[in-house]
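For reference, the chains in residue letters:
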Amino acid sequence: MARRSTTLSNLGDFSDCSVCSSSRDMERLTINSEVDTQVEMQQKDDGVFVENVASFHVSCDRHRTRSNSVIDSIGGIDSIVPSTDNAIPRKKSLSSSDYHTLPDPDCIDTEVFVSEWVEKISDTSDAHASFPPQNEDDNLIIGLSSKVTAIMSVVKDAECYNMHHKYRGKCVIFNHEEFDTGFDKREGSTADALRLEKSFGKLGFDVEIYNDFTHVEVMGEIDKLSNYDHTDNDCLCIIVLTHGLHNDLICAKDAAYKSDKIWKPFTADRCTSLAGKPKLFFFQACRGDELDGGVLLCARSLITSETDSVASYKIPTHADFLIAHSSVQGFYTWRNPVEGTWYIQCLCDVLDEHGTKLDLMSLLTMTARKVATDYTSHNPDEPIMHDKKQVPSVTTMLIRSIYFPPKTQT
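Described below are features of the structure shown in this document. (Residues numbered from 1 in each chain as written. Predicted model: local features only at pLDDT ≥ 70, side-chain atom pairs only at ≥ 80, totals over all residues. Heavy atoms only, no water.)

Here's the deal with helix α2 (residues 215-226)
So, point 1. Here α2 is 12 residues long and its end C-alpha atoms lie 16 Å apart, about the 16 Å a rise of 1.5 Å per residue gives.
So, point 2. His-215, Val-218, Glu-221, Ile-222, Leu-225 and Ser-226 are the residues of α2 that are buried. Down the axis of α2, the sector holding all buried residues measures 140°, keeping them to one side. Exposed and facing more than 90 degrees away from the buried side of α2 are Val-216 and Lys-224. (Helix = DSSP H or I, 4+ residues; strand = E, 2+ residues; numbered from the N terminus. Expected span 1.5 Å × (residues − 1). Buried < 20%, exposed > 50% of the residue type's maximum accessible area, 1.4 Å probe, protein only. Arc of directions from axis to C-beta.)

Listed below in C-alpha cells is the structure:
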C-alpha cells in the first residue's frame, strides 16, 4: 500500500512547487500580451538567470485542503510557462494583474549547431576535428592530449574505489528554503538537511550545511571546494535542495542557474586531487511540470515466481561522477512541509539501514524502489494533484563500485 502521511490535518498533497495550486490553477495558460506586471529573466554569459520582480504577488487566500506534500518547484503547474517576452496570466484563481514569466525552456542553452571546423573524414574516428575548438570556460583546447597528471588512488582493474584514505571526504549541503525571487518557501527542506547531516555523518563524511546562499555564494563555495586538496579523502559529495525548472535549471536565493555549474568544476583535469575518486552529486528539485499518474500492476495469477596492475593508466576527465536526481527529466517531485521530501527521506532511510554494507548503486536502486512504491500524493480536493507518483533517476559515469566501510576513529 502506498504511504500516505497524515501528519498534517490541514494540508493536502502538493507537488514541490508550492504557489497555490488549486485544480483550477492547473489549467494550461494562454499568452496574453496585455500585462500589468513586469517580470524579467536575463540570461547571463555563465548560464545564470537573474529574476527582477517588479510586482509579484500570488493570491493564497483559499484554504489548503488536507495534504502530505508539495511540488519542489517554483509554483503551481501553471507558473512554468515558455515565454520571456510575454507575461502569462494565471487563469481564474488569480486576478488579471497577477502574472509570472519564466525563461523559455526551449530556448535555454538548447541550440544545436555544427561548427565549420567539424569534418567527418572516416568511420574509424566517426567525427574528426581538423582544428579543435577552444573551451571558453577554462581556455583549454578541446581534443588535444591532456598534459594533466594526478596521483593514482586505485589500480586500473580494481573492482571498487579506494575508500580507505584517512578521511571519507566532504559532504556539502546547499539548503534553499527561502528565496528573494518571489518563489514559495520550501517548507520541510531544513528537515531534509538535518536528516542528511546525520545519515552522511554516520558514513564518515565531514558534513557542512549552507542555508539560503545566493548564486555568487554558491559558486564561491564550489570554487573553493574545487581548489581544495582532497588527497587524503575518499570522495566528494555535494547535495542541493532547492526549487527546479525545465532544462535542469535550479534556484539559488536570488537566481536560477544550470545544475552542471555545480559538478563541472570537479572534472579530473580541473580538480586533480579528486581524479580517479568518486564525485557524488544529489539534486532534490523539480525538473519540469509534468505529473506522473502511475500504472496499476495486477497479478497475472495467484502463483508468482521469480588481475591487479601497478602500471599507470589514463582516464576520461568526466569519469567517476554520479549525478542523482529526485525525479526524471521533465517531472515534478514531492515534499512534505513537515517531514521533508520523499526522495531525501527515503535515501536517508536506506543509508541508515544499509549504508555500510551495500554498494552505492544498490542503495540508490533501493531508494528509487521505496519512493516509487511506498509514496503516493493525497489531495482528493484537487484531482489533478491527487494519487500521483514519483521515481528518482541516476546518471552515472562511475567505473567501479562504491562501498562505505566504517572509518577507523583516529
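Observations concerning the environment of Ala-255
So, point 1. By the element assignment, Ala-255 lies in strand β13 (residues 255-258).
So, point 2. Classification of Ala-255 by relative accessible area gives buried; the value is 5%.
So, point 3. Sequence separation between Ala-255 and Asp-180 is 75 residues, and the spatial gap between their C-alpha atoms is 8.5 Å.

Comments concerning the packing of helix α4 (residues 342-354) against helix α5 (residues 360-374)
The relative placement of two packed helices is expressed as an angle between their axes plus a distance between the axes.
So, point 1. Direction vectors running N to C along α4 and α5 enclose 135°, while the axes themselves pass 9 Å from each other. By the angle between their directions, the pair α4 and α5 is classed as oblique. Between α4 and α5 lies a crossing of right-handed hand. Across from Trp-342, Tyr-343, Cys-346, Leu-347, Asp-349, Val-350, Leu-351 and His-354 in α4, the residues of α5 making contact are Leu-363, Leu-364, Met-366, Thr-367, Lys-370 and Val-371.
So, point 2. Of the residues belonging to the contact of α4 with α5, the class tally is 10 nonpolar, 2 polar and 2 charged. (Axes fitted to C-alpha atoms, helices over the stretch in contact; angles between N-to-C directions. Parallel < 35°, antiparallel > 145°, perpendicular 65-115°, else oblique. Left-handed = near helix turned anticlockwise from the far one by under 90°. Contact = heavy atoms within 4.5 Å. Nonpolar A, V, L, I, M, F, W, Y, C, P; charged D, E, K, R; others polar.)

What about the packing of helix α1 (residues 189-202) against α4?
So, point 1. Following both chains from N to C, one finds α1 and α4 inclined at 20°, their axes separated by 10 Å at the closest point. As summarised for this structure, α1 and α4 are arranged roughly parallel, according to the angle between their axes. Considering the relative orientation of α1 and α4, their crossing is left-handed. Where α1 approaches α4, its residues Ala-191, Asp-192, Arg-195, Leu-196, Ser-199, Phe-200 and Lys-202 are matched on the opposing element by Ile-344, Gln-345, Leu-347, Cys-348, Asp-349, Leu-351 and Asp-352.
So, point 2. The residue makeup of the contact of α1 with α4, split by class, is 7 nonpolar, 2 polar and 5 charged.

Here we look at the sheet that holds strand β14 (residues 279-284)
So, point 1. A sheet is described by the order of its strands in space; here 6 strands give the open sequence β10-β9-β11-β14-β15-β18, paired in mixed fashion. Two strands bound the open sheet, and with one partner strand each, they are β10 (206-211) and β18 (393-396). This sheet shows a mean twist of 10° between the axes of neighbouring strands, independent of strand direction.
So, point 2. Its contacts with the sheet put α5 on β14, β15 (321-325) and β18, and the angle it makes with β15 is roughly 10°. (Pairing = 2+ DSSP bridges.)

Focus: the state of the cysteines
So, point 1. One pass over the full model with this rule turns up 0 disulfides.
So, point 2. Take Cys-171: it sits in no disulfide, and the sulfur closest to it among the cysteines is that of Cys-237, at 4.0 Å. (Disulfide = S-S within 2.5 Å.)

Some remarks on the nonpolar core
Nonpolar side chains tend to gather and get buried jointly when the protein is soluble and globular.
So, point 1. Core analysis: the largest hydrophobic core is formed by 39 residues, its most contacted members being Leu-196, Phe-200, Phe-205, Ile-239 and Phe-282.
So, point 2. Where this core is concerned, the elements lending two or more residues are β9 (167-175), α1, β11 (233-241), β14, β15, α4 and α5.
So, point 3. Ranked by the residues each element gives to this core, the list is headed by α4, at 8 residues.
So, point 4. In this structure Leu-196 touches Ile-173, Gly-201, Ile-239, Leu-241, Ile-344, Leu-347 and Cys-348, once residues within four positions along its chain are discounted.
So, point 5. If you look at the next biggest cluster of nonpolar residues, it comprises 23 residues, including Tyr-210, Ile-238, Cys-271 and Phe-283. (Core = buried A, V, L, I, M, F, W, Y, C linked by side-chain atoms within 4.5 Å.)

Examining the layout of surface pockets
So, point 1. Of the volumes computed, that of the second largest pocket is approximately 500 Å³.
So, point 2. Contributing to the lining of the second largest pocket are 22 residues, with Val-148, Ala-150, Tyr-313, Lys-314 and Ile-315 lying nearest its centre.
So, point 3. Of the residues contributing to the lining of the second largest pocket, the split by class is 11 nonpolar, 6 polar and 5 charged. (1 Å grid on protein atoms, 1.4 Å probe; cavity = no way out; pocket = protein on both sides within 12 Å on 5 of 7 lines; lining within 4 Å. Points joined across faces, edges and corners; volume = space filled by probe spheres on them.)

Quick look at α4
So, point 1. Taking 1.5 Å per residue as the helical rise, α4 with its 13 residues ought to reach 18 Å, and the 18 Å between its terminal C-alpha atoms agrees with that figure.
So, point 2. With respect to burial, α4 is a largely interior element, 10 of its 13 residues being buried.
So, point 3. Among the residues making up α4, those that are buried are Trp-342, Tyr-343, Ile-344, Gln-345, Cys-346, Leu-347, Cys-348, Val-350, Leu-351 and His-354.

Quick notes on the packing of aromatic side chains
So, point 1. Going through the model one piece at a time under the given rule, you end up with 12 aromatic pairs.
So, point 2. When the ring of Trp-334 is compared with that of Trp-342, the centres are 5.7 Å apart and the planes differ by 15°; the resulting orientation is stacked. Of the two residues, Trp-334 and Trp-342, neither departs from the other in class, the shared state being buried.
So, point 3. Through a chain of ring-to-ring contacts, three or more aromatic side chains come together here, namely Phe-200, Phe-205, Phe-282 and Phe-404.
So, point 4. Above the plane of the ring of Tyr-161 lies Arg-400, whose end atom (NZ or CZ) is 6.0 Å from the centre. (Phe/Tyr/Trp six-rings, centres within 6.5 Å; stacked < 30°, edge-to-face > 60°. Lys NZ or Arg CZ within 6 Å of the ring centre and 35° of its normal.)

Let's talk about the pattern of salt bridges
Working definition: two side chains of opposite charge can pair if their charged atoms are close together.
So, point 1. Scanning all chains against the criterion turns up 12 salt bridges.
So, point 2. The salt bridge involving Asp-206 is made with Lys-170; its shortest N-O contact spans 3.5 Å. Of this pair, Asp-206 sits in strand β10 while Lys-170 sits in strand β9, placing them 36 residues apart in sequence.
So, point 3. You can call Lys-170 buried: its relative accessible area is 11%.
So, point 4. Here Asp-180 makes a salt bridge to Lys-253, at a shortest N to O gap of 3.5 Å. (Salt bridge = Lys/Arg side-chain N within 4 Å of Asp/Glu carboxyl O.)

All quantities given are derived from atomic positions and should not be read as evidence of function.
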